[in-house]
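# Commentary on secondary and tertiary structure
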Amino acid sequence: MFGIVRPCRHRLGEKLTAQWTAHLCGLCLALRGDHGQLARIVTNYDGLLISVLTEAQADPGGSTGRRTAGPCPLRGMRTASVAHGEGARLAAAVSLVLASAKVRDHVADGDGLLARRPVALAARRVAAGWDRAGARTGSDVGFDTAVLVDAVDRQTGIESLAGPGTPILTVTEPTETATAAAFAHTAVLAGRPRNAAPLAEAGRLFGRLAHLLDAVEDREADAASGAWNPLTATGISLDEARRLADDAVHGIRLALREAEFTDGGLAHRLLVHELPNSVRRAFGTPSCAHGSHPYAPPGAPGAPGGPTPPEPPRRDRRGLLAGCAVWLGLACTCQLCCGTYEDPWTRERKEGCLHNCDCDCCDCCECCNCCSCGGEDGCCSGCDCGCDC
């Protein structure tokens, strides 16, 4: 799972968590339905925004909606209402091409095993297959994924020419163009052509933000490995990157005000409330004490001023082949997305996205900061996202 919008269940509340889960499962099942079990591994947080935006604009009873999915091991063999239709399929197409771009980027950087020629060759073939699969699904819903593939191809050329003094927005432009096209097409699917322009603007800024935050989060690792990083290559400071990120968040909020939604609660929550948290997380400026056990007594492990809790004993690692076999089993049962599981190689205890609580960058017990402005200029003016500010 990857993406910059990783909401906390405490912030979403029961109603919006159920909606978010429906879109996540809908994306996963759309990938499986069109491209087989293995395609489910490209399910990602940002891709499901396409499904969310499509449903938010659609008239009830239209081509987008919900269906009852069969029992899943990760839901305790229970059925569930999941998103389906053209929005979920468009999200699947975008996710496939996005995952392909990620793989190509890692291959170009020679990350891990991808530094080995045979592994890199196999990864490129997988990426090419995802590109073709995304194109087929995109064509079915009237979306030409060529704009996404072209953006990926142009990105490589731009990065090879970028250097100190190159405007960072020149580097982020291909990503901006790709996400603008995907966001705008949700208006076409929902039958709201007048929404295409504001959603294209929101998508453009979302692409800029995603590129910047990815660069910030990878900055230290890229420096250690010698991999290309847009911030390092262009010489932009973290302060300037933060300013651009904050401007993009503000611009997305303004663009969404110009769009008409049938039920925009979840879209508003994810793109207006959660994006500032994504920025704070990337730049290391959390505002919540959940990660430090706020109710621990003074001096206790994890409490402010207390000793650092001891690391749990390390378990034996699995070998490469054994870990790959376990990973494949987890992927095919969707536990990587939704369950509680052991890391296939390190055996560390991990939780999938349905249990993910990104509380290190929010205060779940206090009103979100962006609502404090209030009045007509407040982001929650006319908000139906469940915020009780």
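None of these values were measured; they are calculated from a predicted model.

### Details of the overall build of the protein
Of regular secondary structure, the protein possesses twelve helices and four strands. The long-range share in the protein, meaning contacts at least 24 apart out of those at least 6 apart in sequence, stands at 68%.

### Looking at the pattern of salt bridges
Scanning the model with the defined rule gives 18 salt bridges in all. Its salt-bridge partner being D131, residue R104 comes within 2.2 Å of it at the nearest N-O pair. Residue R104 is located in helix α3 (residues 86-109), and its partner D131 is located in helix α4 (residues 117-140); the two are separated by 27 residues in the primary sequence. R242 is paired through a salt bridge with D246; the nearest N and O atoms lie 3.2 Å apart. Of this pair, R242 and D246 both sit in helix α9 (residues 238-257), separated by four residues, roughly a single helical turn. Since its relative accessible area comes to 23%, R242 is described here as partly exposed. A residue is classified by how much of its surface remains accessible, and D246, at 36% relative accessible area, is partly exposed. Salt bridges sharing partners connect three or more residues here, namely D59, R192, R194 and E260.

### Let's talk about the confidence of the model for the protein
Averaged over all residues, the pLDDT of the protein is 79; the fraction at 70 or higher stands at 73%. Considering each helix and strand of the protein separately, the mean pLDDT is smallest for helix α12 (residues 335-338), with a value of 55, and largest for α9, with 97. Taken together, the stretch residues 287-314 has pLDDT below 50 and engages in 31 contacts with residues farther than four places along the chain or on a different chain. Below a pLDDT of 50 lies the segment residues 360-379, which in the model reaches 48 contacts outside its immediate sequence neighbourhood of four places, other chains included.

### As for the side chain of T43
Of note, T43 is situated in the loop between α1 (9-35) and α2 (48-57). Owing to a relative accessible area of 1%, T43 belongs among the buried residues under this scheme. A distance of 2.7 Å separates a polar side-chain atom of T43 from the backbone oxygen of R40.

### A closer look at the environment of L121
Relative to the helices and strands, L121 is located in helix α4. The spatial distance from the C-alpha of L121 to the C-alpha of V107 is 8.8 Å, given a sequence separation of 14 residues.

### Thoughts on the packing of α2 against helix α10 (residues 265-283)
Interhelical geometry of α2 versus α10 gives an angle of 140 degrees and a closest axis separation of 8 Å. As the angle between them shows, α2 and α10 are arranged oblique. Crossing hand, α2 versus α10: left-handed. Residue-level inspection shows L49, V52, L53 and A56 of α2 in contact with α10, the latter providing L266, A267, L270 and L271. A breakdown of the residues in the contact of α2 with α10 according to their chemical character gives eight nonpolar, no polar and no charged.

### Comments concerning the packing of helix α7 (residues 196-225) against α9
It is the contact of α7 with α9, at a shortest axis distance of 9 Å, that shows an interaxial angle of 155 degrees. The pairing of α7 with α9 is recorded here as roughly antiparallel in orientation. The chirality of how α7 crosses α9 is left-handed. Every residue of α9 that contacts α7 at P198, L199, E201, A202, L205, F206, L209, L212, L213, V216 and R219 is listed here: L238, A241, L244, A245, A248, V249, G251, I252, A255 and L256. Of the residues that constitute the contact of α7 with α9, the class distribution is 18 nonpolar, one polar and two charged.

### Notes on α3
Helix length check: α3, at 24 residues, gives a terminal C-alpha distance of 35 Å against a target of 34 Å (1.5 Å per residue), a fit within 8%. Where α3 ends, the next residue or the one after it, G110, has phi of about 65 degrees, a positive value.

### Some thoughts on the packing of aromatic side chains
Enumeration over the complete set of coordinates arrives at two aromatic pairs. Their ring planes at 15 degrees and their centres at 6.0 Å tell us that W20 and Y45 sit as a pair that is stacked. In this pair, W20 sits in helix α1 while Y45 sits in the loop between α1 and α2, placing the two residues 25 residues apart along the sequence.

### Re helix α5 (residues 146-161)
Helix length check: α5 (16 residues) gives 23 Å between terminal C-alpha atoms against 22 Å at 1.5 Å per residue, within 8%. Among the residues of α5, L148, A151, V152, Q155, I158 and E159 are the ones counted as buried. All buried residues of α5 fall inside an arc of 130 degrees around its axis, so they share one side. In α5, those exposed residues whose orientation departs by more than 90 degrees from the buried face are T156, S160 and L161. On its buried face, α5 is in contact with α3, α6 (168-189) and α7.

About the cut-offs
Residues numbered from 1 in each chain as written. Predicted model: local features only at pLDDT ≥ 70, side-chain atom pairs only at ≥ 80, totals over all residues. Heavy atoms only, no water. Helix = DSSP H or I, 4+ residues; strand = E, 2+ residues; numbered from the N terminus. Contact = heavy atoms within 4.5 Å. Salt bridge = Lys/Arg side-chain N within 4 Å of Asp/Glu carboxyl O. Buried < 20%, exposed > 50% of the residue type's maximum accessible area, 1.4 Å probe, protein only. pLDDT = per-residue confidence, 0-100. Polar contact = N/O pair within 3.5 Å; in protein donor to acceptor, adjacent residues only side chain to side chain. Axes fitted to C-alpha atoms, helices over the stretch in contact; angles between N-to-C directions. Parallel < 35°, antiparallel > 145°, perpendicular 65-115°, else oblique. Left-handed = near helix turned anticlockwise from the far one by under 90°. Nonpolar A, V, L, I, M, F, W, Y, C, P; charged D, E, K, R; others polar. Expected span 1.5 Å × (residues − 1). Phe/Tyr/Trp six-rings, centres within 6.5 Å; stacked < 30°, edge-to-face > 60°. Arc of directions from axis to C-beta.

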